[in-house]
Amino acid sequence: MNHCLSTSSEHGSLTRVLRICVSMYQRVVPLEEWIALLSVSSRLLFDKVRERAISAIESHAPPLEPAKKILLATKHDIPQWLNSAFTELCTRTDPLSEDETSELGGEIADRVGRARDMVKLRAGYGELGITGFSKAFAGCGCKDCREARKESVRANYVAMVDSIIKETIALP
C-alpha cells in the first residue's frame, strides 16, 4: 500500500472512487467514504476530488456534527467550516457532550464554553426564544414590531456571535 494512504479504508475509498469517476455524481456514497476521500485527496493534492468531497460532506443529510466538522476543518484546512460549526456549538441549547469535549480537546472545549457563556450573557437576559434568539429582542411583541425588527435583530445577533467566537476561539 502507498505510504500516502494511511488506512485501508482510505485506500479502498480512493480505489472505489477512481473506478467510478464517471458515475461518481450519480451514486450514493456514505459520509464515511467522503470523509476518507477528503483525507486522501488532501494528502495527494487531488484538488477536484477534494472539492467534490467537501461539497458532498457539506450537503450530506444528516449534516456532519459540529465537533467533527471542526476536527476535519482543522485537519484538512477547510477554514470556511469553522465559523458555522463554532456558531452552532455556541448558540445551541445543549452544552458540549462528553464525546464532543473529548473530540475537541480540553483547550478548545474550554474556549467553546467561554464563548457560550458570553453569548448567553450578551444576548440572553433570560430564556432563549423558539428561534434561538433572546426574548429580550422581541420588542413589544406586536406583528409590526416583530416584522420591523426581525432582520436587523438577526443581523446584530449574528454579528455579535461572530465577534465573540473570533475573540474567544481566535478564529481568523
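What counts as what
Residues numbered from 1 in each chain as written. Predicted model: local features only at pLDDT ≥ 70, side-chain atom pairs only at ≥ 80, totals over all residues. Heavy atoms only, no water. Helix = DSSP H or I, 4+ residues; strand = E, 2+ residues; numbered from the N terminus. Buried < 20%, exposed > 50% of the residue type's maximum accessible area, 1.4 Å probe, protein only. Contact = heavy atoms within 4.5 Å. Phe/Tyr/Trp six-rings, centres within 6.5 Å; stacked < 30°, edge-to-face > 60°. Lys NZ or Arg CZ within 6 Å of the ring centre and 35° of its normal. Polar contact = N/O pair within 3.5 Å; in protein donor to acceptor, adjacent residues only side chain to side chain. Axes fitted to C-alpha atoms, helices over the stretch in contact; angles between N-to-C directions. Parallel < 35°, antiparallel > 145°, perpendicular 65-115°, else oblique. Left-handed = near helix turned anticlockwise from the far one by under 90°. Nonpolar A, V, L, I, M, F, W, Y, C, P; charged D, E, K, R; others polar.

Novice: Pulling in residues and values, what's your account of the environment of Leu 104?
Specialist: Within the element layout of this structure, Leu 104 appears in helix H6 (residues 98-104). Residue Leu 104 is classed as buried on the basis of its relative accessible area, which comes to 10%. Taking C-alpha positions, Leu 104 is 7.9 Å from Ile 70, a pair spaced 34 residues apart along the chain. The contacts of Leu 104, once residues within four sequence positions are left out, are Ala 67, Ile 70, Leu 71, Leu 89, Leu 96 and Ala 109.

Novice: Tell me about the packing of aromatic side chains, and please be specific about residues and values.
Specialist: Considering all chains together, one arrives at zero aromatic pairs under this definition. Over the aromatic face of Trp 81 sits the side chain of Lys 69, whose NZ or CZ is 5.5 Å from the ring centroid.

Novice: A description of unusual backbone geometry should follow, citing residues and the corresponding values.
Specialist: Of note, the bond from Ala 61 into Pro 62 is cis; its omega dihedral lies within 30 degrees of zero at 0°. Following the sequence through the fold, Pro 62 ends up in the loop between helix H3 (47-59) and helix H4 (66-75). Despite not being glycine, Leu 45 shows a phi value in the positive range, around 60°. Within the secondary structure, Leu 45 sits in the loop between helix H2 (31-44) and H3. Relative accessible area serves as the criterion here: at 65%, Leu 45 is assigned to the exposed category. Here Asp 77, not a glycine, exhibits a phi torsion of approximately 55°, which is positive. Along the chain, Asp 77 turns up in the loop between H4 and helix H5 (82-91).

Novice: Quick one: what's the story with the side chain of Ser 42, residue by residue and with numbers?
Specialist: Following the sequence through the fold, Ser 42 ends up in helix H2. A distance of 2.8 Å separates the side chain of Ser 42 from the backbone oxygen of Leu 38, its partner in a polar contact. Among all residues touching Ser 42, those that are not within four sequence positions of it are Arg 50 and His 76.

Novice: With reference to specific residues and values, describe the packing of H4 against H5.
Specialist: It is at 9 Å that the axes of H4 and H5 come closest, and there the two elements cross at 155°. Our classification of the angle between H4 and H5 gives roughly antiparallel. Remark: the crossing between H4 and H5 carries left-handed chirality. Every residue of H5 that contacts H4 at Pro 66, Lys 69, Ile 70, Ala 73 and Thr 74 is listed here: Leu 82, Ser 84, Ala 85, Phe 86, Glu 88 and Leu 89. Partitioning the contact of H4 with H5 into residue classes produces seven nonpolar, two polar and two charged.

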